[in-house]
Amino acid sequence: MKSAVETLNPTRVRLTVEVPFEELKDSLDAAYKKINQQVTVKGFRKGKIPARVIDQRFGRGAVLEEAVNDALPKFYTDAVNEAELNPLGQPEVDITELKDGETLNFTAEVDIRPSIEIPDYSGIEVEVDAVEVSDEDVEKSVEQLRERFASTSPVERAAEDGDVVTLDLQAKVDGEVLEDGVADGVSYTIGSGELLDGIDDAVKGLEAGGEATFTSELKGGSAAGKEAEVTVKVTQVAKRELPELDDDFAQLASEFDTLEELQADSRKRLADMKQYDQATQAQERVLDKLLELVEVPVPEKLLEDEINTRKHNLEHHQLGQMGLDLAKYLEIQGKTAEEFETETREAAVKGIKTQFVLDELVKQEKLNVSQEELTEHLMRRAASSGMSPDQFAQAVVEQGQVPLLVGEVARGKALAVVVEKATVKDTNGEIVDLDDEEEETEAAEAAAESTDTAEDKADEKTEG
């Protein structure tokens, strides 16, 4: 077999392959054997039909076609390996010449990973938010905890803001009561915004037994997005009562004996959260700076696949779970379809470029992923997915996604290397020392995780 490579552009090549006919022998034998098992010829036992009879009855062309289809993947793979290419996705193959007993010639066009030059990145400087926890932050945190321990007691008066009302609801569309539009005994806190638009104004001022009708757009169910006539009946009004902010509350709501200790713990937790957010912000801004330094051509087919993947995930998974379609989502976001298309393309381009650059850094820095690092990453991903580690691990293995997780960890480590050499200052001008290794690694993996692009899926298909 002889092969040659023609570079069509920085991300696409054409392989020209010439195969001597004798190298098709194994595939021809396999083709005759396969056809033998599929056909019957009078006078011959199944599987014992001579090759010359198969050629006479079914045509030599059918045998050649079967043999070539069987042999092409191997010859293509051999040509790719010989040229030391990194293909993305499936090739476009064209058989240019097939002469029985002489030769098989074909071409294969395929997208490849571009060659990337990583420049010196040690001079990168970024600014991040300072870690500052105000008294107001602590007060808000403790107040949220206090809200969770609020109690309610029924009152005989009209409903007011903050009251908890028990409601019976009925929704009609075009005068017909919806099958899933009836609910009794619904508990709702006035002003929380957790039910339907317009419900607060409808129930405020009503006492137990009071009833009102209003129009609202349904957020979910069989008629999501449609205008409905909603009838609401108040069956109970209850006043929310917050516990006193004192040592007794601290003992009720936490492991601490005093309110002062609870507030100190809240301050520390808020600082830890802001420190993690700061680390994530540093990773993202260093990544942006790194991408500015590197010229990265993007394969058009890979880009289109990534854009389509992002749209599909948004429309059929994220929005579907919320009972929204794309048009309603854009309306809520205040975006036009053109703005959405532009943002999606920009995000897809960044995701692909990020993956290419970080993968190149992994090779350049000779970074490896240990079993312990992979396990820790898997545990974090399982927690964020709401699955148990065992369930998540099983799903990853069954779907063949272990290489994707390894790639995420490796890219996170590559980004952490760049951040380590960068100068990170906060808005107060102070140097930020991201010395918490575990926190830095988590933040780096989070920043690199969004690079699970169509290329990963293309690699999977190629490997399969």
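Residues numbered from 1 in each chain as written. Predicted model: local features only at pLDDT ≥ 70, side-chain atom pairs only at ≥ 80, totals over all residues. Heavy atoms only, no water.

**Considering the environment of Pro 20**
Selection criterion: Here a helix means four or more residues in a row that DSSP labels H or I, a strand means two or more in a row labelled E, and each is numbered from the N terminus. Buried means the residue's accessible area, taken with a 1.4 Å probe over protein chains only, is under 20% of the maximum for its type, while exposed means over 50%, and partly exposed covers the values in between. Only heavy atoms matter for contacts: two residues are in contact if any of them lie within 4.5 Å across the pair.
Topologically, Pro 20 is positioned in strand S2 (residues 12-20). According to the relative accessible area criterion, Pro 20 is partly exposed, its value standing at 27%. Considering only alpha carbons, one finds Pro 20 and Glu 127, 107 residues apart in sequence, at a separation of 62 Å. Residues in contact with Pro 20, not counting those within four places in the same chain, are Met 1 and Glu 102.

**Focus: the nonpolar core**
Applicable threshold: Joining through side-chain atoms within 4.5 Å is the link that ties buried Ala, Val, Leu, Ile, Met, Phe, Trp, Tyr and Cys residues into a set, and such a set is a nonpolar core.
Judged by nonpolar contacts, the single largest core of 36 residues is most densely connected at Tyr 121, Ile 124, Leu 290, Val 357 and Leu 361. Looking at this core, the elements that each hand over two or more residues are strand S5 (125-128), helix H7 (259-293), helix H8 (300-322), helix H10 (337-364) and helix H13 (402-421). Sorting elements by how many residues they give to this core places H10 first, with 7 residues. Val 17, Phe 75, Leu 85 and Phe 106 belong to the second-largest nonpolar core, a separate cluster that totals 31 residues.

**Let's talk about the pairing of strand S1 (residues 2-9)**
Note the threshold: Criterion used throughout: strands pair if DSSP finds at least two bridges between them.
Pairing geometry for S1 and S2, over 7 bridges, is antiparallel. If you follow Lys 2 over to S2, its bridge partner there is Glu 18. What sits between the antiparallel neighbours S1 and S2 is a turn of 2 residues.

**What to know about the packing of aromatic side chains**
The line we're drawing: Two aromatic rings from Phe, Tyr or Trp, using only the six-membered ring of Trp, form a pair when their centres are within 6.5 Å; if the ring planes differ by under 30 degrees the pair is stacked, by over 60 it is edge-to-face, and anything between is tilted.
Summed over the entire model, instances satisfying the criterion amount to 1 aromatic pair. On the basis of an interplanar angle of 85° and a centroid distance of 6.3 Å, the ring pair of Phe 149 and Phe 249 is categorised as edge-to-face. One end of the pair, Phe 149, is in the loop between helix H4 (135-148) and strand S6 (151-154); the other, Phe 249, is in helix H6 (residues 247-253), and 100 residues separate them in sequence. By relative accessible area, which is 30% here, Phe 149 ends up partly exposed. Judged by relative accessible area, which is 2%, Phe 249 ranks as buried.

**Considerations on the packing of helix H1 (residues 25-38) against helix H3 (residues 60-83)**
As a reminder of what qualifies: Axes here refer to lines fitted to C-alpha atoms; in helices the fit is confined to the stretch in contact. Angles between the N-to-C directions go from 0 to 180 degrees. Note that the term roughly parallel is reserved for angles under 35 degrees, roughly antiparallel for angles over 145, roughly perpendicular for angles of 65 to 115, and oblique for everything else. By the definition used in this description, the sense in which the near helix is turned from the far one sets the handedness, with an anticlockwise turn below a right angle giving left-handed and a clockwise turn giving right-handed. Amino acids outside the nonpolar list (Ala, Val, Leu, Ile, Met, Phe, Trp, Tyr, Cys, Pro) and the charged list (Asp, Glu, Lys, Arg) are all regarded as polar, and Gly is one of them.
Contact geometry of H1 with H3 gives a least axis separation of 8 Å together with a crossing angle of 120°. The angle between H1 and H3 falls in the class oblique. Where H1 crosses over H3, the handedness of that crossing is right-handed. For the pair H1 and H3, the contacting residues are Ser 27, Leu 28, Ala 31, Tyr 32, Lys 34 and Ile 35 in the first and Arg 60, Val 63, Leu 64, Glu 66, Ala 67, Asp 70 and Ala 71 in the second. Among the residues forming the contact of H1 with H3, the class breakdown is 8 nonpolar, 1 polar and 4 charged.

**Concerning the pairing of strand S8 (residues 176-189)**
Sheet topology places strand S7 (residues 164-173) next to S8; 8 bridges connect them, and they run antiparallel. Bridging from a neighbouring strand, Gln 170 pairs with Val 182 of S8. Hairpin connection from S7 to S8: 2 residues lie between these consecutive antiparallel strands, with Asp 174 at a positive phi of about 55°.

**Here we look at the environment of Asp 247**
Considering the arrangement of structural elements, one finds Asp 247 in helix H6. C-alpha of Asp 247 to C-alpha of Asp 257: the two residues are 10 residues apart in sequence and 6.3 Å apart in space. If near-sequence neighbours (up to four positions away) are discounted, Asp 247 is found in contact with Asp 257, Thr 258 and Leu 259.

**A few points about the sheet that holds strand S4 (residues 103-112)**
Here 4 strands make up an open sheet; going across it, the order is S1-S2-S4-S3 and the pairing antiparallel. Here the strands that pair on one side only, and so sit at the sheet edges, are S1 and strand S3 (87-99). Here the strands of the sheet are splayed against their neighbours by 20° on average, with no regard to which way each runs. Bridge analysis of S2 against S4 gives 9 bridges, and the strand direction is antiparallel. Paired with Pro 20 across the bridge in S4 is Thr 103. The sheet strands contacting H3 are S1, S2, S3 and S4, and the helix crosses S3 at an angle near 125°.

**Examining the UniProt feature "domain: PPIase FKBP-type" (unreviewed entry) in the chain**
Under the convention used in this document: UniProt positions are given in the numbering used here, feature names are shortened, and annotations may be inferred rather than shown by experiment.
According to UniProt, the feature "domain: PPIase FKBP-type" (unreviewed entry) maps to residues 162-215 in the numbering used here. Secondary structure content for residues 162-215 is 9% helix and 54% strand, while the C-alpha to C-alpha distance between its ends is 22 Å.

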